[in-house]
Amino acid sequence: MKLLRRTLIATAATLFAVGSAHAAATVGQTAPDFTLKDATGKTVRLSDFKGKHVVLEWTNPGCPFVRKHYDSGNMPATQKDAASKNVVWLAVNSTEKASSDYLEPAKLTAWLTERKAAPTAVLMDEEGTVGKSYGARTTPHLYIVNPQGQLIYAGGIDSIPSARPADIEKATNYVKVGLSEALAGKPISAATTQPYGCSIKYKSPA
């Protein structure tokens, strides 16, 4: 527990340091289009889903904050709630191959399947190009894109930045609330929030 506590404290301390490392896509502007391979090798483009709301979720199973939301069932439940409303959910892994946290596509898929996750697709971004284009800096880091291709939400999964599963039911799920508002034709009341989690293990520049 002491090691985990030190890890979480160190991770939290890096969040603000990495915050300015990448220019972030801006809420209210066009979401950067991208093309990535999914975990099965199929090519997926963000623009393929124009006309639908799309959630982008940066993930890394090696992160205790990600495990909090998956092992508790919170992230899978949020994904399934989105799917029931015809929302596309793309889980993106920008962990570089050299990182000890990296899982090859089949193992990543197996980890998600074990936790009954329900993303529309799992996308591999080992070069970190897409993550950096969005300014994604933590796992998890969530974005919502509207049917017109505009970025309408960027931030955390919820309002309590901890790795404690017990905090989930007390927190406001920003993604669930934001989707409900957007689908009702309303502006998202909290369109930009503070993401929290582990820093993304991006590939270092050559």
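Shown above is the structure to which this text applies.
Note that the coordinates shown come from a computational prediction; the quantities given were computed from them, not determined experimentally.

Observations concerning the overall build of the protein chain
Consideration 1: Within the protein chain, the regular secondary structure consists of 6 helices and 9 strands.
Consideration 2: When each of the 206 residues of the protein chain is scored for burial, the buried share is 50%.
Consideration 3: Taking all contacts inside the protein chain whose residues are at least 6 apart in sequence as the whole, residues at least 24 apart take part in 76%.
Consideration 4: Roughly 9,700 Å² of accessible area belongs to the protein chain as shown, and the carbon and sulfur atoms make up 55% of that amount.

As for helix α4 (residues 105–114)
Consideration 1: Among all positions in α4, only Leu108, Trp111 and Leu112 are buried. Seen from one end, α4 has its buried residues packed into an arc of 95 degrees, which puts them on one side. For α4, the exposed residues set more than 90 degrees away from the buried face come down to Ala106, Lys107, Thr113 and Glu114.
Consideration 2: Along its buried surface, α4 packs onto α2 (64–71), β4 (88–93) and β5 (121–124).
Consideration 3: The positive-phi residue at the C-terminal boundary of α4 is lysine 116, with phi of around 55 degrees.

A short note on the nonpolar core
Consideration 1: Counting 27 residues, the largest nonpolar core has Val55, Trp89, Leu142, Ile144, Val175 and Leu179 as the members making the most contacts within it.
Consideration 2: Breaking this core down by element, the ones donating at least two residues are α2, α3 (74–84), α4, β5, β7 (141–145), β8 (151–155) and α6 (174–183).
Consideration 3: Beyond its immediate chain neighbours, meaning those up to four positions away, tryptophan 89 contacts Val55, Glu57, Met75, Thr78, Gln79, Ala82, Pro119, Thr120, Ala121, Leu142 and Val175.
Consideration 4: Of all hydrophobic cores here, the second largest spans 24 residues; its members include Phe34, Val44, Ala136 and Ala154.

Regarding the sheet that holds β5
Consideration 1: With mixed pairing, the 7 strands of this open sheet are ordered in space as β2-β1-β5-β4-β3-β7-β8. Only two strands of the sheet have a single partner each, and these edge strands are β2 (43–45) and β8. Each strand axis lies, on average, 30 degrees off the axis of its neighbour in the sheet, ignoring direction.
Consideration 2: Where strand β1 (residues 35–38) and β5 come together, 2 bridges link them in antiparallel fashion. Among the inter-strand pairings, lysine 37 is bridged to a residue of β5, identified as methionine 124.
Consideration 3: This element, α6, spans β3 (54–58), β4, β7 and β8 of the sheet and lies at about 5 degrees to β7.

Cut-offs and rules
Residues numbered from 1 in each chain as written. Predicted model: local features only at pLDDT ≥ 70, side-chain atom pairs only at ≥ 80, totals over all residues. Heavy atoms only, no water. Helix = DSSP H or I, 4+ residues; strand = E, 2+ residues; numbered from the N terminus. Buried < 20%, exposed > 50% of the residue type's maximum accessible area, 1.4 Å probe, protein only. Contact = heavy atoms within 4.5 Å. Areas by Shrake-Rupley, 256 points an atom, 1.4 Å probe, with all protein chains shown as cover. Arc of directions from axis to C-beta. Core = buried A, V, L, I, M, F, W, Y, C linked by side-chain atoms within 4.5 Å. Pairing = 2+ DSSP bridges. Axes fitted to C-alpha atoms, helices over the stretch in contact; angles between N-to-C directions.

Read these as layout, nothing more, since geometry by itself doesn't imply function.
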